[in-house]
Amino acid sequence: MAMEQLEQFYDDLSRKYTELIKKCVPRYSEMLFNLFLYLPESFKPKRIIDLGCGTGNLTQEILNHFPNAEIHVLDLSEDILNECKKRFPQAQNITYIKADFKNMNLEPNYYDLALSSIAIHHLTDPHKIRFYRDVFQALLINGVFIFADQTRGISDDIYKKNISCWKEEAFKLGSTAENWNMWMEHQDAHDYHSPVGWHLRQLENAGFHEVDLLSKYLMWGVFWAKKIQEKP
Ligand SMILES: C[S@@+](CC[C@H](N)C(=O)[O-])C[C@H]1O[C@@H](n2cnc3c(N)ncnc32)[C@H](O)[C@@H]1O
């Protein structure tokens, strides 16, 4: 799959994205809430990055929790980044970065907190492995990486059950057959779901400690990984 196709998909979807995603992902607000739930009160991140920001649904939560932090938001799609920019016209503390996860060139030892929601599954497994190393390098010691993403069930049966439950819930949320078919075509072309255990192992291999699955509903997991020391 050529990366331009994925970029084009999100460029084309950019204006409708916020409305469509809320009708598609079950317990979406709860998932975004859970990304912050385990951060201690004393944790006051100065620099935060939102990886695959889309139209800024997670960015909005970051602003709610940490209004004074320096916030970097990164995405592959120029048009979706523009939608994100339009959403936060007053925020002077947001820097918009157009980049591919495969080639982010992030400043090493820079961020206290790296966050991402439903974006990493667009990378194939070898690219996820590199991405986790890149995020690890970009974090300061004691920096935390928390992300929500779609995962693959450990067996085909579990995976299929998750998809059929998801379909039922998406329709209850207001998705139409046309919306559902659009997401399924997108999934077949652009998505690479990996099992929870695989993610946890790769995060540890990248150098993270305190690696955990914080919560999970159907195929949506929220992961935690902390950088305690430089990778030996
Ligand atoms: C499903 S959207 C999620 C957006 C937002 N985080 C949210 O929760 O609504 C996935 C986002 O990841 C971005 N993305 C996908 N692959 C990427 C890549 N290789 N590099 C950078 N961004 C990517 C897409 O452009 C899209 O905006």
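Scroll up for the structure.
Note that the structure is a prediction, hence the values are computed from the model and not measured.

Attention shifts here to the packing of helix α7 (residues 156-172) against helix α8 (residues 177-190). Where α7 contacts α8, the two axes come as close as 10 Å, and the packing angle between them is 145°. For the pair α7 and α8, the sense of crossing is right-handed. Within the contact between the two elements, α7 uses Tyr159, Ile163, Trp166, Lys167, Ala170 and Phe171 and α8 uses Ala177, Trp180, Met184 and Gln187. In terms of residue class, the contact of α7 with α8 is built from eight nonpolar, one polar and one charged.

Around the ligand, 20 residues are found, and the nearest of them are Tyr17, Tyr28, Gly52, Asp75 and Ser117. At 2.6 Å from an oxygen atom of the ligand is found a side-chain nitrogen or oxygen belonging to Tyr28. In this structure, Ser117 approaches the ligand through a side-chain N or O atom, which is 2.4 Å from an oxygen atom. Notes on the ligand: free accessible area 600 Å², of which the protein chains cover 99%. Of the residues in the shell around the ligand, the class split is 12 nonpolar, six polar and two charged.

It is worth spelling out the packing of helix α3 (residues 28-37) against helix α4 (residues 57-65) at this point. Following both chains from N to C, one finds α3 and α4 inclined at 45°, their axes separated by 11 Å at the closest point. As summarised for this structure, α3 and α4 are arranged oblique, according to the angle between their axes. Crossing hand, α3 versus α4: right-handed. Each of Tyr28, Leu32, Leu35 and Phe36 in α3 lies in contact with α4, whose residues at this interface are Asn57, Leu58, Glu61, Ile62 and His65. For the contact of α3 with α4, the class distribution of residues is six nonpolar, two polar and one charged.

On the surface, a cluster of nonpolar side chains totalling about 330 Å² of accessible area is made up of Phe33, Leu37 and Tyr38. Within the secondary structure layout, Leu37 lies in helix α3.

Attention now moves to the environment of Phe9. In this structure, Phe9 sits in helix α1 (residues 3-13). Along the sequence, Phe9 and His186 sit 177 residues apart, while their C-alpha atoms lie 8.2 Å from each other. Look past the residues within four positions of Phe9 in its chain and what remains in contact with it is Met182, Trp183, His186 and His190.

Definitions and limits used
- Residues numbered from 1 in each chain as written.
- Predicted model: local features only at pLDDT ≥ 70, side-chain atom pairs only at ≥ 80, totals over all residues.
- Heavy atoms only, no water.
- Axes fitted to C-alpha atoms, helices over the stretch in contact; angles between N-to-C directions.
- Helix = DSSP H or I, 4+ residues; strand = E, 2+ residues; numbered from the N terminus.
- Left-handed = near helix turned anticlockwise from the far one by under 90°.
- Contact = heavy atoms within 4.5 Å.
- Nonpolar A, V, L, I, M, F, W, Y, C, P; charged D, E, K, R; others polar.
- Near = heavy atom within 4 Å.
- Polar contact = N/O pair within 3.5 Å; in protein donor to acceptor, adjacent residues only side chain to side chain.
- Areas by Shrake-Rupley, 256 points an atom, 1.4 Å probe, with all protein chains shown as cover.
- Parallel < 35°, antiparallel > 145°, perpendicular 65-115°, else oblique.
- Patch = residues over 30% accessible without salt bridge, like charges linked within 9 Å, V, L, I, M, F, W, Y side chains within 5 Å.
- Salt bridge = Lys/Arg side-chain N within 4 Å of Asp/Glu carboxyl O.

In short, the description is geometric, and any link to function would need to be established separately.
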